[in-house]
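Working through the structure, step by step
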Amino acid sequence: MIDWTHFTPFSATVGGALIGLSAALFILFSGRIAGISGILGGLLAWPRGDMAWRLAFLSGLVAAPLVFGLFAPLPTVQIDAGSATLIVAGLLVGIGTRYGSGCTSGHGVCGLSRRSPRSLAATAAFMFAGFVTVFIIRHILA
């Protein structure tokens, strides 16, 4: 059953196209992959002469919703999990990102568009883990 109130194919399509366009322009002009974990991880390593673009990229991620909020109301965020669950989930995502040599943005958006077999395997693993997690949470533990 589709929740027609929250079904937004136009904005989702435009958003996806903008993400794809920005990732393509980023690799075209900088030769780098727009993977958030790699950009943030590289910033934490304190690279010399390599910090400015990383800071600009991450600042843009933070600033974009703030600028959007000046023109339209931001959607309400509701998190139905406790602090312990969020901490464990964050650690698991971080560990998975490290073992997978990248995150969903690097593999799913940039890697798949470059036809990377490693990114295809990583994205399939991300999706499978997500499907299994949702199934367990909603159907077994519910």
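Details of the structure are given in the entry above.
Note that residues are indexed from 1 along each chain, following the sequence as it is written. The model is predicted, so local features are restricted to residues of pLDDT at least 70 and side-chain atom pairs to those at 80 or more, both for listing and for counting; the totals for chains, interfaces and linings are taken over all residues. Only hydrogens and water are removed before side-chain values are computed, so all heavy atoms of the structure are retained for them.

1. Side note on the nonpolar core
As used in this record, nonpolar core signifies buried Ala, Val, Leu, Ile, Met, Phe, Trp, Tyr and Cys residues forming a set joined through side-chain atoms within 4.5 Å. Only protein chains enter the accessibility calculation, which uses a 1.4 Å probe; a residue whose area is less than 20% of its type maximum is buried, one above 50% is exposed, and one in between is partly exposed. Membership of the largest hydrophobic core is limited to seven residues, which are A23, F26, A34, I39, L43, L58 and C110. Numbering goes from the N terminus for both helices and strands, where a helix is a DSSP run of H or I of at least four residues and a strand is a run of E of at least two. Listed by contribution, the elements that provide at least two residues to this core are α1 (9-30) and α2 (36-44). Any pair of residues with heavy atoms lying within 4.5 Å of one another is described as a contacting pair. Apart from residues no more than four positions distant in its own chain, L43 is found in contact with M51, R54, L55 and L58.

2. A word on α2
Of the residues making up α2, those classed as buried are I39, G42 and L43. What you see down the axis of α2 is that its buried residues fit within an arc of 100°, all on one side. Turning to α2, the residues buried within the fold contact α1 and α3 (51-71). Two residues or fewer past α2, W46 is found with a positive phi of approximately 55°. Arc definition: it is the arc formed by the directions from the helix axis to the C-beta atoms.

3. Quick word on the packing of aromatic side chains
Aromatic rings from Phe, Tyr and Trp, with only the six-membered ring used for Trp, were paired whenever their centres fell within 6.5 Å, and each pair was classed as stacked if the ring planes differed by under 30 degrees, edge-to-face if by over 60, and tilted otherwise. Overall, the coordinates contain three aromatic pairs when judged by the stated rule. Ring geometry for W4 against F7: centres 5.2 Å apart, planes inclined by 85°, an arrangement best described as edge-to-face. Chaining the aromatic ring pairs together yields one cluster made of F26, W53 and F57.

4. Some remarks on a nonpolar patch on the surface
Residues form patches when they are more than 30% accessible in relative terms and have no salt bridge. Like charges link within 9 Å. Nonpolar side chains (Val, Leu, Ile, Met, Phe, Trp, Tyr) link within 5 Å. Here the accessible surface of atoms and residues is derived via Shrake-Rupley with a 1.4 Å probe, and residues count as covered only by protein chains that are part of the display. Any carboxyl oxygen of Asp or Glu within 4 Å of a side-chain nitrogen of Lys or Arg constitutes a salt bridge here. Side chains of F10, V14, L18, L21, L25, I27, L28, F29 and I33 sit close together on the surface and give an oily, nonpolar patch of about 920 Å² of accessible area. Using a relative accessible area of 68% as the deciding quantity, one classes F10 as exposed.

5. What to know about the state of the cysteines
Disulfide assignment relies on a single distance test, namely cysteine sulfur atoms paired within 2.5 Å. Throughout the structure, instances matching the rule amount to zero disulfides. In this structure C103 is a free cysteine whose sulfur lies 8.5 Å from that of C110, the closest cysteine sulfur available. A residue is classified by how much of its surface remains accessible, and C103, at 11% relative accessible area, is buried.

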